[in-house]
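Now for the letters of each chain:
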Amino acid sequence: MLIFPILAVVFGLLVLIWSADRFVAGAASTAYRLGMSTLLVGMIIVGFGTSAPEIVVSCIASFQGNPGLALGNAIGSNISNIALILGITAIVSPILVHSNIVKREIPILLGVSVLLAWQLRNGLLTRLDGIILLVVFVGVMGWSIRTAIRQGTDALSGEFEQNLNEAEMSLKSGILWLVTGLILLVASSRLLVWGAVEIALALGVSDLIVGLTVVAIGTSLPELASSIAATRKGEHDIALGNIIGSNLFNTLAVIGLAGVIHPLAVDKALFYRDLPVMGALTVFLLIACMKFKRGQGGRITRMEGVLLALIYAGYTTWVVIHTLRQVTAA
């Protein structure tokens, strides 16, 4: 019966989204109360927290021997972050890009996407590949933090400080939500992975498909909520920073940790279909954000948001049709 796995996925996603939000709020408040600068809180704590669902889900999937779900969740989340989440956010409100930090990290995101594709070209993500990704992740974060500190005030730091002041909580409350959110994150992720694997087995499809679609969209919902809320408050750099930071975490930390836990076999479809889509969307993002008008930064317009949403709809349709053909052939 599919009823219990479906309920597990739905309930797991709901708890996952709520607990991720509480975890981010608690972690950010705790770090801020302990003296960490607003920019570092935003870049490290919030960046890690918004990718916490992907990290926990992919690590559990890798540990349980479900490579398709582990990789599909991370790569599918990257695709949905740019095409679906950023697309919808730009439709709600065009996104202006002022932060030099955000602009600087997009080429880095493109570079690490190329690195991942090179690693997966032989159909396997080894432990050494995972370690390399984690080392690059530490290097990128260290470089970004050092550059941000040297640069001083940035549009991004001002928006983060406004957010932290609005969501002010005591140190005790911050620690409580940090611990509670983390416990619920792990529990809901285990439930979600179990339901996703059971659905894949029952439908006769690979766990990669479930990871690329249902699980990826679900674990990306925190980014959707935070990005729309940020743009409505005029915090455009946070909205875009959430997406770029999440994709960097997904590509380097999420896949890196999953690979270290267990070497992952790579489905050919992921290499020839999903990775090129992820790379093309990153190039699109780079071009959109590097457009400059006199006295202004980059801008993602409503029309570009519509285009991104249509690309995601077309990609999802492509995945579904390809899956149905495989099931029919079998």
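Structure report, in brief. Only a predicted model underlies this, so the values are computations on that prediction, with no experimental measurement involved. (Residues numbered from 1 in each chain as written. Predicted model: local features only at pLDDT ≥ 70, side-chain atom pairs only at ≥ 80, totals over all residues. Heavy atoms only, no water.)

## Structural notes on the pattern of salt bridges
Next, step 1: Enumeration according to the criterion identifies one salt bridge in this entry.
Next, step 2: One salt bridge connects Arg-273 with Asp-274, and the closest N-O pair in it is separated by 2.8 Å. There is no split in this pair, since Arg-273 and Asp-274 are both buried. (Salt bridge = Lys/Arg side-chain N within 4 Å of Asp/Glu carboxyl O. Buried < 20%, exposed > 50% of the residue type's maximum accessible area, 1.4 Å probe, protein only.)

## Focus: the packing of aromatic side chains
Next, step 1: On inspection of all chains with the given rule, the structure shows three aromatic pairs.
Next, step 2: For the pair Phe-271 and Tyr-272, a centre-to-centre distance of 5.1 Å together with 85° between the ring planes defines the contact as edge-to-face.
Next, step 3: When the ring of Tyr-312 is compared with that of Tyr-315, the centres are 6.3 Å apart and the planes differ by 50°; the resulting orientation is tilted. Separated by three residues within a single helix, Tyr-312 and Tyr-315 lie in helix 12 (residues 302–329), roughly one turn from each other.
Next, step 4: Look at Tyr-312 and you get buried, because its relative accessible area is 6%.
Next, step 5: Owing to a relative accessible area of 5%, Tyr-315 belongs among the buried residues under this scheme.
Next, step 6: One cation-aromatic arrangement involves Arg-121 over Trp-118; the distance from NZ or CZ to the ring centre is 4.2 Å. (Phe/Tyr/Trp six-rings, centres within 6.5 Å; stacked < 30°, edge-to-face > 60°. Helix = DSSP H or I, 4+ residues; strand = E, 2+ residues; numbered from the N terminus. Lys NZ or Arg CZ within 6 Å of the ring centre and 35° of its normal.)

## Side note on the nonpolar core
Next, step 1: Formed by 78 residues in total, the largest nonpolar core has its most connected members in Leu-285 and Ile-300.
Next, step 2: The dominant element in this core, judged by the number of residues it contributes, is helix 4 (residues 67–92), at 12 residues.
Next, step 3: Every residue in contact with Leu-285, bar those within four places of it in the chain, is listed here: Ile-82, Leu-86, Ile-106, Leu-240, Ile-244 and Ile-300. (Core = buried A, V, L, I, M, F, W, Y, C linked by side-chain atoms within 4.5 Å. Contact = heavy atoms within 4.5 Å.)

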